[in-house]
Structure formats: structure tokens, C-alpha cells
Amino acid sequence: MAHEHSRRAVLGGVAGVGAVAGLTALAPSAAAQPSPARPFEGKIVQITGATSGIGEATARAFAAAGAKVAFCGRRRQLGREVERTIREAGGEATYLHADVRDPRSVQRFVDGAVRRYGGLDIAFANAGIQYAARLHETTLEQWDDLMATNARGVFLAMKYQIPHLIDAGGGQIIVNSSVGAVVGRPELSLYQASKQAIQALVRSAALEYGEQGIRVNAILPGITDTPMIRPPELDDPTWERAKAALGQLNVDGLKTVASADQIAQAVLAMAAPGFGYLTGVSVPVDGGVAAGRRMLLPER
Ligand SMILES: NC(=O)c1ccc[n+]([C@@H]2O[C@H](COP(=O)([O-])OP(=O)(O)OC[C@H]3O[C@@H](n4cnc5c(N)ncnc54)[C@H](OP(=O)(O)O)[C@@H]3O)[C@@H](O)[C@H]2O)c1
């Protein structure tokens, strides 16, 4: 416990840079202890891009499991809504506006979140975008925007989070890559390249910081039901049919598209003490996409 207090004190001192105005630090709760129902009780989590999709589901899941969750995203209204509904459900969460393409914005998010909750234990680098286009039709602006979000944004979050994790004596980083990092897909070359870049970050960072007690891993979700893949014009029944077909055609093992909650639970599992010896790896949670790679035969 003494160690815990000194750790928080150190973090409080480090967190001055880019402080977010108006945030008041929450005192760490002395009583809260992990339990089977709330295994992340007292843990402090940061998530980039939790205004929708997998990030949102992960924020809800960590908060329900007892963690204090600071998260960012560009869409303020959605961010406030996610924060409000997590609090209404009895969880602890804070939305901070940030754009992961902007270094100062990322640093403000990271340091502001550390000030808010008095430390950092688990970072989930999740924010990402996708453009689908043939390579020669992809514009330079699309390349720059996608790399700035999916690759540089992950680097920036890690860059500003790692000093806090070192000061804390350890912690972990989980990066949301994609099964697209290990399989090819027409019209997604740019996206797949960005997702493979962050796998390389994970491997080397795991070696750099292992001795300091920091574990670094990536999760590779398969096709997941989020706004990233759902065409906005489809109503619910049409989307459910399209999703079933997507799963049948593309997910060789389980034949279904994942829900955001399924991926969130996998992130929590990776972060749990049971995987305390896991570092430097990229784990597919993809229903068998990476294992499959079917050969489609022409119709007779
Ligand atoms: N859905 C899939 O099939 C699938 C499969 C494998 C991997 N993934 C990965 O999962 C991650 C989450 O995607 P999702 O499927 O959950 O889609 P989503 O619902 O579109 O979520 C993307 C999240 O990233 C945030 N984001 C995007 N650009 C940002 C920026 N510049 N600054 C801050 N936040 C930003 C978005 O927030 P704002 O728009 O509010 O900024 C949103 O919260 C992505 O990295 C994606 O590549 C998805």
C-alpha cells in the first residue's frame, strides 16, 4: 500500500505538462480491491477512440469491471454521452476531447487523464480509420491522414504514456491492430500497411520496456460490427442480413462477424493478470480469418 501511495505521488508530480484545465484529481480509493465481479477495481485505464465501436465497448467493459477509464475521440457529443451512460451504470469514466493526429492534443489527453485519476495502469491504443480504394487511386492526403491516425497516433499515445508507466513501475499497452495486418485484401493496402506498422512498434517496444515491467501487445480483431464497417444507410434488418452473409463468406472458422463486446472482452482478458507473462505478441481474435484463407472455386 505504501508503494501504491508513493507511486501515485510520483505520477502527480510528472503530470503537469499539458494539464487539462478544470480537471480535478480523484483520490485513489483505499477500500476498493479487485474481486471476481470487478477484476479491474482501482485500475486506471486510458483508451484512444472510445466514442464508438470497439473503443466504446472496451471503455464500458473496463468500467463495469471496476476500472477508472479516461478516453478520447473527436466527436464531443458522443464522448459526453458515453461518459454519462457509463456513470449512470455505476462506472467511472471521463471523456477528454483529443485528436490522435495532433501531438499536443495526445499529450494533453494522456497527461490530463493521469492528473484526473492519479496514474496509469493500462493503455488501449484503439483509435483508427479506414479508407477503401485501389492503391493507385489512393490520394496522398488519404495516405497521410490514415498513417497519421492509425500508425503515428499509436506512436504518439505510447510516446506520452510510457514515461507514466515507467514512473509507475510498470503497466501495459494494448494496441488495436487488425487481422488485416497478416492477410491481404484488395482495396485495403493502405489500411493493412498501417496495421502492420503498429505490430512492429509493439514487438520492439516490448523488448525496450520489458525490464521496466511494461508489457506491450497487440490484438488483431477480425471483422467486427461497428460503424467502421456498417454502411450508414442500411436499416437494422438489412444490416443483420448483410452481416450474416459477411460472416459466412469471410470468416472461415466461426462464420460470424464479431460484436464490439466480444473484442472488448478479449482486450480485458489480455489485460488480466492471467496473461501476466504475455508480451511482444499480436493475438488474432478473428473467428478464424487468419487461420483460414480459403481458396474459392469458380461456380460450375
Ligand atoms: N470494425 C472492424 O471490423 C475492425 C477490425 C479490426 C480492427 N479494427 C480497428 O478497431 C479500431 C476501432 O474501430 P471500430 O471498428 O470500433 O470503428 P469506429 O466505431 O469507427 O471507431 C473508431 C474510433 O476511433 C476514433 N478516432 C478516429 N480517428 C481519430 C482521431 N484522429 N483522433 C481521435 N480518435 C479518433 C473515433 O472517434 P472520433 O471519430 O470521435 O474521433 C472512434 O471512437 C480501429 O483501430 C480499427 O482499425 C476494426
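None of these values were measured; they are calculated from a predicted model.

Focus on the nonpolar core
Turning to step 1, where the next piece is worked out: F40, I47, F62, V69 and I219 are the most contacted members of the largest nonpolar core, which has 32 residues in total.
Turning to step 2, where the next piece is worked out: Among the elements of the structure, strand 1 (44-48), helix 2 (53-64), strand 2 (68-73), helix 3 (76-88), strand 3 (92-97), strand 4 (122-125) and helix 8 (260-271) are those that each provide at least two residues to this core.
Turning to step 3, where the next piece is worked out: Of all the elements, helix 8 adds the most residues to this core, at eight residues.
Turning to step 4, where the next piece is worked out: If near-sequence neighbours (up to four positions away) are discounted, F40 is found in contact with F62, A65, G66, A67, I122, L268, A271 and A272.
Turning to step 5, where the next piece is worked out: One finds V114, L165, L190 and A218 within the second-largest nonpolar core, a separate group that totals 25 residues.

Some words on the pattern of salt bridges
Turning to step 1, where the next piece is worked out: By the definition in use, this model includes 12 salt bridges.
Turning to step 2, where the next piece is worked out: Put simply, R87 and E92 hold a salt bridge, and the shortest N to O gap is 3.1 Å.
Turning to step 3, where the next piece is worked out: Residue R87 is classed as partly exposed on the basis of its relative accessible area, which comes to 33%.
Turning to step 4, where the next piece is worked out: The residue E240 makes a salt bridge to K243 at a minimum N-O spacing of 3.4 Å. On the criterion of helical spacing, the pair formed by E240 and K243 is a turn pair, its members being three residues apart in helix 7 (residues 236-250).

Considering the layout of surface pockets
Turning to step 1, where the next piece is worked out: Reported here for the largest pocket is a volume of approximately 1,100 Å³.
Turning to step 2, where the next piece is worked out: What lines the largest pocket is a set of 43 residues, among which G128, Q130, Y191, T226 and M228 lie closest to the centre.
Turning to step 3, where the next piece is worked out: Going through the elements one at a time, helix 2, strand 2, helix 6 (189-209) and helix 7 are the ones with two or more residues in the lining of the largest pocket.

Notes on the site of the ligand
Turning to step 1, where the next piece is worked out: Within the structure, the ligand sits among 31 residues, and S52, I54, R74, Y191 and T226 are positioned closest to it.
Turning to step 2, where the next piece is worked out: Note that an oxygen atom of the ligand is positioned 3.2 Å from one of the backbone N or O atoms of G49.
Turning to step 3, where the next piece is worked out: R75 places a polar side-chain atom, nitrogen or oxygen, 2.9 Å from an oxygen atom of the ligand.
Turning to step 4, where the next piece is worked out: The fraction of the free accessible surface of the ligand (870 Å²) that becomes covered by protein chains is 95%.
Turning to step 5, where the next piece is worked out: Taking a 2 Å distance to the grid points as the criterion, the majority of the atoms of the ligand fall inside the largest pocket.
Turning to step 6, where the next piece is worked out: Elements that contribute at least two residues to the shell around the ligand include exactly helix 2 and helix 6.

Here we look at the packing of helix 4 (residues 103-117) against helix 5 (residues 140-168)
Turning to step 1, where the next piece is worked out: The interhelical angle for the contact between helix 4 and helix 5, taken along N-to-C directions, is 35°, at an axis separation of 9 Å. In this structure, helix 4 crosses over helix 5, and the sense of that crossing is right-handed. Contacts from P103, V106, Q107, V110, D111 and V114 of helix 4 reach helix 5 at R152, L156, A157, Y160, Q161 and H164.
Turning to step 2, where the next piece is worked out: Residues belonging to the contact of helix 4 with helix 5 are distributed by class as follows: seven nonpolar, three polar and two charged.

Notes on the confidence of the model for the chain
Turning to step 1, where the next piece is worked out: Here the chain averages 90 in pLDDT, and 87% of its residues register 70 or above.
Turning to step 2, where the next piece is worked out: Averaged pLDDT values for the elements of the chain fall to 34 in helix 1 (residues 2-14) and rise to 99 in strand 1.
Turning to step 3, where the next piece is worked out: Predicted confidence is poor over residues 1-25, with pLDDT under 50, and the contacts of this stretch with residues over four places away or in other chains come to 40 contacts.

Re helix 8
Turning to step 1, where the next piece is worked out: With 12 residues, helix 8 should reach 16 Å at 1.5 Å per residue; the first-to-last C-alpha distance of 17 Å fits that figure.
Turning to step 2, where the next piece is worked out: Among the residues making up helix 8, those that are buried are A260, I263, A264, A266, V267, L268, M270 and A271.

Cut-off values and rules
- Residues numbered from 1 in each chain as written.
- Predicted model: local features only at pLDDT ≥ 70, side-chain atom pairs only at ≥ 80, totals over all residues.
- Heavy atoms only, no water.
- Core = buried A, V, L, I, M, F, W, Y, C linked by side-chain atoms within 4.5 Å.
- Buried < 20%, exposed > 50% of the residue type's maximum accessible area, 1.4 Å probe, protein only.
- Helix = DSSP H or I, 4+ residues; strand = E, 2+ residues; numbered from the N terminus.
- Contact = heavy atoms within 4.5 Å.
- Salt bridge = Lys/Arg side-chain N within 4 Å of Asp/Glu carboxyl O.
- 1 Å grid on protein atoms, 1.4 Å probe; cavity = no way out; pocket = protein on both sides within 12 Å on 5 of 7 lines; lining within 4 Å.
- Points joined across faces, edges and corners; volume = space filled by probe spheres on them.
- Near = heavy atom within 4 Å.
- Polar contact = N/O pair within 3.5 Å; in protein donor to acceptor, adjacent residues only side chain to side chain.
- Areas by Shrake-Rupley, 256 points an atom, 1.4 Å probe, with all protein chains shown as cover.
- Sits in = over half its atoms within 2 Å of the grid points.
- Axes fitted to C-alpha atoms, helices over the stretch in contact; angles between N-to-C directions.
- Left-handed = near helix turned anticlockwise from the far one by under 90°.
- Nonpolar A, V, L, I, M, F, W, Y, C, P; charged D, E, K, R; others polar.
- pLDDT = per-residue confidence, 0-100.
- Expected span 1.5 Å × (residues − 1).

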